[in-house]
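One-letter residues, chain by chain:
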Amino acid sequence: MAIRDVRAYSSIHARVRALYSTMLTPETWEALIQAQDFDALLNILSKTVYGPYLQIERGKLTPRRAVYQIRWHLADIYERLIPLTPEPGQQLLLQLWRRYEVDNLKATLRGVETGASWDQVRHLLCPMTKYITLTTADMEKMIHSGDMARAIECVRHTPYYGTLVHALERYQEEKTLFPLEVALDLDYHRGLWHSIDQLTGPDHDHALRVVGTMLDVNNLLWAIRYRVYHHLSEQEIINYTLPLGYQVHDEDIRAIAAGADIAQVVRRIYPDAEGLEQLSERARAGLAALEVSLQRHIVRTCHAAFIGYPFHIGVPAAYLLLNEHEVRDLTVLIEAKVSRLPLEMFVSMLETQVPAYQTEQR
Amino acid sequence: MFRPQVMSKVELVVPEHDVVPVTQVLAASGVFQPTPSVHLGSGRLSRSAEDWRRRATTFADLERRILAVMEALEVDEGPPPAEPPQLIEPETAQMDIDRLEWEAGAPVRELEEGRRKLAQLQRYLSQLEPIADLEVDLDTLRNLRYTFVLPGTMPAANLERLQTSLELIPSVLVTLRREDHLATVVLFGAQRDADILNRAARSAYLNPLELPEEYRGTPAEAIAALESDIKRARQYVAECQTTVDYLHEVRVHSLRHLLWRVRASRTLAETIARYGRLRYTYLVAGWVPTSRVNMLRREVKRISDDVLIEVDTPARQEDGHVPVALENPPIVRAFQSLVTTYGRPRYGELDPTPMIALTFPIIFGIMFGDVGHGLVLILLGLLLLSRKVRVLRGLSGMGTVVTICGIAAMLFGSLYGSVFGFEEVLEPLWMRPLENIMDILISTIGIGIGLLSLGMVFNIINAVLARRWGRLFFDHNGLVGLIFYWSLIGLAASAFAGDLPISPTPLAALAVVSGLLVTFSKVLERLVEGRRPLIEGGLSAYLIETPIELFETLIRLLSNTISYVRMGAFAVAHGSLSMVIFLLGEAVSPTHGLAYWIMVVLGNLFIIGFEGLIVSIQTLRLEYYEFFGKFFTGGGVPYRPLTLVPREK
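What you see is a predicted model, and the numbers here were worked out from it, not measured in a lab.

Criteria and cut-off values
- Residues numbered from 1 in each chain as written.
- Chains lettered and ligands numbered in written order.
- Predicted model: local features only at pLDDT ≥ 70, side-chain atom pairs only at ≥ 80, totals over all residues.
- Helix = DSSP H or I, 4+ residues; strand = E, 2+ residues; numbered from the N terminus.
- Buried ≥ 20, exposed ≤ 12 C-beta atoms within 10 Å, placed from the backbone.
- Contact = placed C-beta atoms within 7 Å.
- Nonpolar A, V, L, I, M, F, W, Y, C, P; charged D, E, K, R; others polar.
- Expected span 1.5 Å × (residues − 1).
- Arc of directions from axis to C-beta.
- Pairing = 2+ DSSP bridges.
- Axes fitted to C-alpha atoms, helices over the stretch in contact; angles between N-to-C directions.
- Parallel < 35°, antiparallel > 145°, perpendicular 65-115°, else oblique.
- Left-handed = near helix turned anticlockwise from the far one by under 90°.
- pLDDT = per-residue confidence, 0-100.
- Core = buried A, V, L, I, M, F, W, Y, C linked by C-beta atoms within 7 Å.

### Some words on the overall build of chain A
(1) Moving on: What chain A contains, in helices and strands, is 19 helices and zero strands.
(2) Moving on: For chain A, the residues scored as buried account for 44% of the 362 residues in total.
(3) Moving on: Within chain A, contacts between residues at least 6 apart in sequence are counted, and of these 61% link residues at least 24 apart.

### What about the overall build of chain B?
(1) Moving on: Within chain B, the regular secondary structure consists of 21 helices and eleven strands.
(2) Moving on: Per-residue burial for chain B yields a buried fraction of 35% across its 649 residues.
(3) Moving on: Restricting the contact set of chain B to residue pairs at least 6 apart, pairs at least 24 apart contribute 79%.

### Concerning the interface of chain A and chain B
(1) Moving on: Taken together, the contact pairs 23 residues of chain A with 28 residues of chain B.
(2) Moving on: Among the secondary structure elements, those contributing two or more residues to the side of chain A that touches chain B are α1 (3–20), α9 (161–174), α10 (178–197) and α12 (234–239) of chain A.
(3) Moving on: Residues that form the side of chain A that touches chain B fall into these classes: seven nonpolar, ten polar and six charged.

### Quick word on helix α17 (residues 504–519) of chain B
All names here are of chain B.
(1) Moving on: In a regular helix each residue adds 1.5 Å, so 16 residues correspond to 22 Å; α17 covers 22 Å between its end C-alpha atoms and thus fits that length.
(2) Moving on: When we look at burial in α17, the residues that qualify are L507, A511, S514 and V518. All buried residues of α17 lie within an arc of 85 degrees about the axis, which places them on one face of the element. Residues of α17 that are exposed and point more than 90 degrees away from the buried face comprise T505, P506, A509 and V512.
(3) Moving on: Looking at the buried residues of α17, the elements they touch are α16 (479–496), α18 (521–528) and α19 (539–563).

### Overview of the sheet that holds strand β3 (residues 147–155) of chain B
Residue and element names in this part refer to chain B.
(1) Moving on: If you walk across this open sheet you meet the four strands as β4-β5-β3-β6, and the pairing is antiparallel. Each edge of the sheet is formed by a strand with only one pairing partner; in this case those strands are β4 (171–179) and β6 (207–208).
(2) Moving on: Direction of pairing for β3 relative to β6: antiparallel, over a ladder of two bridges. Looking across to β6, one finds that G152 is bridged to P208.

### Regarding unusual backbone geometry
Residue and element names in this part refer to chain A.
(1) Moving on: Looking along the chain, the bond that leaves E87 and enters P88 is cis, with omega of 0 degrees.
(2) Moving on: On the secondary structure map, P88 appears in the loop between α4 (63–84) and α5 (89–114).
(3) Moving on: Positioned with a positive phi, K175 is a non-glycine residue whose angle comes to about 55 degrees.
(4) Moving on: Of note, K175 is situated in the loop between α9 and α10.

### Digging into the packing of helix α11 (residues 201–228) of chain A against helix α17 (residues 314–338) of chain A
Pairs of packed helices are described in terms of their axes, by the angle between the two and the distance that separates them.
Residue and element names in this part refer to chain A.
(1) Moving on: Close contact between α11 and α17 brings their axes to 8 Å; oriented N to C, the two are set at 20 degrees. One way to sum up the angle between α11 and α17 is to call them roughly parallel. The chirality of how α11 crosses α17 is left-handed. Contacts between α11 and α17 pair H206, A207, R209, V210, V211 and M214 from the former with G314, A317, A318 and L321 from the latter.
(2) Moving on: Each residue belonging to the contact of α11 with α17 can be placed in one class, and the counts come to seven nonpolar, two polar and one charged.

### Quick word on the confidence of the model for chain B
(1) Moving on: The share of residues in chain B with pLDDT of 70 or more is 97%, and the mean pLDDT across the chain is 87.
(2) Moving on: Scoring of the predicted complex yields 0.59 for pTM and 0.84 for ipTM.

### Some words on the nonpolar core
Residue and element names in this part refer to chain A.
(1) Moving on: Core analysis: the largest hydrophobic core is formed by 98 residues, its most contacted members being L92, A207, V211, A223, A317, A318 and L321.
(2) Moving on: If you tally residues by element for this core, the top one is α11, at twelve residues.
(3) Moving on: Not counting residues up to four positions away in its chain, the partners in contact with A223 are I237, T241, I253, I256 and A257.

### Some points on the packing of helix α14 (residues 437–465) of chain B against helix α20 (residues 565–588) of chain B
Residues and elements named next belong to chain B.
(1) Moving on: At a closest axis distance of 7 Å, the pairing of α14 and α20 adopts a crossing angle of 145 degrees. Once α14 is placed against α20, the crossing between them reads as right-handed. Here α14 contributes I437, I440, L441, S443, T444, I445 and I447 to the contact with α20, which in turn contributes V565, M567, G568, A571 and V572.

### Notes on the pairing of strand β1 (residues 7–15) of chain B
In regular strands, side chains alternate between the two faces of the sheet.
All names here are of chain B.
(1) Moving on: Here β1 runs beside strand β8 (residues 281–289); their pairing, made up of nine bridges, is antiparallel. What sits directly across from S8, in β8, is V288.
(2) Moving on: Across five bridges, β1 lies against strand β9 (residues 308–312) in antiparallel orientation. Bridge pairing in β9 links K9 to D312.

### Digging into the confidence of the model for chain A
(1) Moving on: With 95% of its residues at a pLDDT of 70 or more, chain A shows a mean pLDDT of 89.
(2) Moving on: Between residues 357–362 of chain A, whose pLDDT stays under 50, and residues either more than four places distant or in other chains, the model counts three contacts.

### As for the environment of I363 of chain B
Residue and element names in this part refer to chain B.
(1) Moving on: Note that I363 resides in helix α11 (residues 353–367).
(2) Moving on: For I363, a count of 29 C-beta atoms within 10 Å corresponds to the buried category.
(3) Moving on: In the structure, I363 is positioned 205 residues away from G568 in sequence and 9.8 Å away in space, judged by C-alpha atoms.
(4) Moving on: In this structure, I363 is in contact with M567, T619 and L622, ignoring residues within four places of it in sequence.

### Remarks on the environment of L67 of chain B
Residues and elements named next belong to chain B.
(1) Moving on: Positionally, L67 belongs in helix α2 (residues 47–72).
(2) Moving on: L67 sits in the partly exposed class, given 18 other C-beta atoms within 10 Å.
(3) Moving on: Linking L67 and R256, residues 189 residues apart in sequence, is a C-alpha distance of 9.4 Å.

### With respect to the environment of V182 of chain A
Residues and elements named next belong to chain A.
(1) Moving on: Inspection of the secondary structure assignment puts V182 in helix α10.
(2) Moving on: Assessed through the 19 C-beta atoms surrounding it within 10 Å, V182 is described here as partly exposed.
(3) Moving on: When the C-alpha atoms of V182 and A167 are compared, they prove to be 9.2 Å apart, with 15 residues separating the residues in sequence.

Below, the structure written as structure tokens:
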């Protein structure tokens, strides 16, 4: 145990521990799942850590706005933890935070593509005020530009410009956002891997375990989706994925690209993954189950980071990822309650909590 | 001076026909910060708010269009007008903008098109240049029967992946050039694999070189043709630019004028949209410094006698929503930006600006004590204040700070006996840091202890002002925190110095008791202030957090105190750096010729620029992290009076 690590991480660790205890409890999840409707769900949420963010006029709290407000919590914890984190771990958190910027950029590009108004787009974004290169004003300007080439010119000052401007040629030929989005994702994930690589000692090991697992799952799911949904060629799948990872190696990706049995490859890496039996018969249904199962694997990895030696970057990174999953689940719940879906249709999509009756079902 | 200005909540009931002139008066007064009052009005009549909101949206759209034309014609916004501009009707603005858009549209499009074509030609050229020496006809490459050839550019990061993806396909990827993140490549393969190769290349973001058919012959010949086309394209772009420049010249004033009129009209519409509405009147609410209420009342009454005005001054403790207007004399105000960069004081708490105005120059002076260097800083500060050098105008706000820091540096320079690094010219009034290293380091720790204790005293005062008795007694930086800190200092002093008037036993007892109170400060604070639950986030999390917090408090107090050693260390480093410069001068010219003096001047400039910057950063660091951290909460709501055009700073 290095005294330097203890000194550097004692403060942030104490804070993360305290914040960790404010995450939604299984009882609250149970109540949220059982909530009668959207209003009842908001009432329960207003008594949790999300309460302060939902204190706006009820009439204005549409489902989309509610999700947007909930995301403020995520923004707040990132902005609180980043300055407390010592370097070089701070760079990793900044890179994780950048993922929302990339998502915002993608959402804005979709808005430009569909000719949406700024009012339609703004509440789809993740609120970000600090540690950003892409401001809300930039995104508003992109939407108002009304044309993809002009929209990309609006991000000239950001690190995304080079990637987008090169991919623009393909967008203009194919008239689909796919090449732009994939280019952004690949560039972002390469950067994320680089941030992990910059770390040493326990920081590197734990970041690899926590963030590397997320990177693995994304990379693996890309490969599978490109094969199952998009029917891409072996070469295309390889080019649209990354040769880096923690447990998922390039051989695995290349095996999937080359047409190997997906279930077999995934089982070799994640023996407990679900949906594998279905993959060969009803590939799409199996893939949906597999996606949730792998996201739950990330959640379990993040919870495990809180056990054992605590003075490393893995703890804050895991806490932030857990919150992201919490927000994703809340989004699923909000959509389910607004559409009045029966329990069995949405409970299986939740990633952070597996309620008892769902376990029994399985 | 030590607290934000007293603010009053002003509510006006304005007849419908007076709402625009009254809002203009409120904006012109420069003291009224409106707050939304729609909720005070009648819900049935909220159509008015909708109408004003719609009007504001129209103006916002018009503003965007003007800005787009301005951007296209490369016209900047210019400074805001000295007088509030006349308001404009949306229809009139619309007509003006339509005309401007029509006028600028074609030339700007032609310029953009010309630039795009030029960029494309340059791209072709950069892709052809690496194969300039190839003695092959390009038509041959275009019409190959058995060989697949694909030249193009791609992200360098994708090169390896593309090669991996083509491992099983007979092919060769040749990198011709790598610039920044892009690589110019040629992919060779068999024509029968063209489909696979094309898909692979495309997925690796290889953008093919699509040289138009008109460029024929060998690459060298095509390059010559391209260069001639580039020359023509440049000429065309220059001609288009001349037209756009002409439009810029003739339309610059009308565009700026229209922009500010539309902007002022939008602000006015947005402001009125947030007013409450009754049947025949509007309800307007906002904050005004209490000292300016009478002036505002007179101004409004000059417009209309029918306006009803009510004033209420809330207590300091209700600070959550009251905007904070800081009030300091001009010299102290210069340091205000250093405080607001960290955070704005809350309405109920002390404004640390006077303290930073006092301590910042002292800390700076201790680290940068030199009569000559201080004099240069004073001259620089006066130059900034004079605003005579255009490129330095943006820094004029820092002129006073630089001047005062220069004075402090001169004072400490006299105490240290240092002039431009020469230590023989002046007799030190106190001591030379280089010769008394331990003395200066211990003295600066003493100053640090004083400043940290002062910070804790300020925290106690803030707690009294906020009537937060729990925070007053049990906060880490409250009374028990202060006692804990001083008992630890007492113990350390008795260990090192020995003969203290108090024996170590009561000090140790005091340290243990106050340490325990600090450990459980959160619970005790909540207990005294009647806040429940006593433990937030569960007992287990609390038990894990508590010992770490005590450990952290101890480490923080120690590191905060030791942190002030840097003041002494920099004073020593300042002397050492000067010595190094003289040694370098000696090395260059042992006879103290011209080279020696050039070295001394350059070295002193380096010290002023480089060390001055580092010392400023360190001073700011000591203020923010060590001093402010003890008492300053921040998070106050900024006071932003309504104005139809932004005021120039």
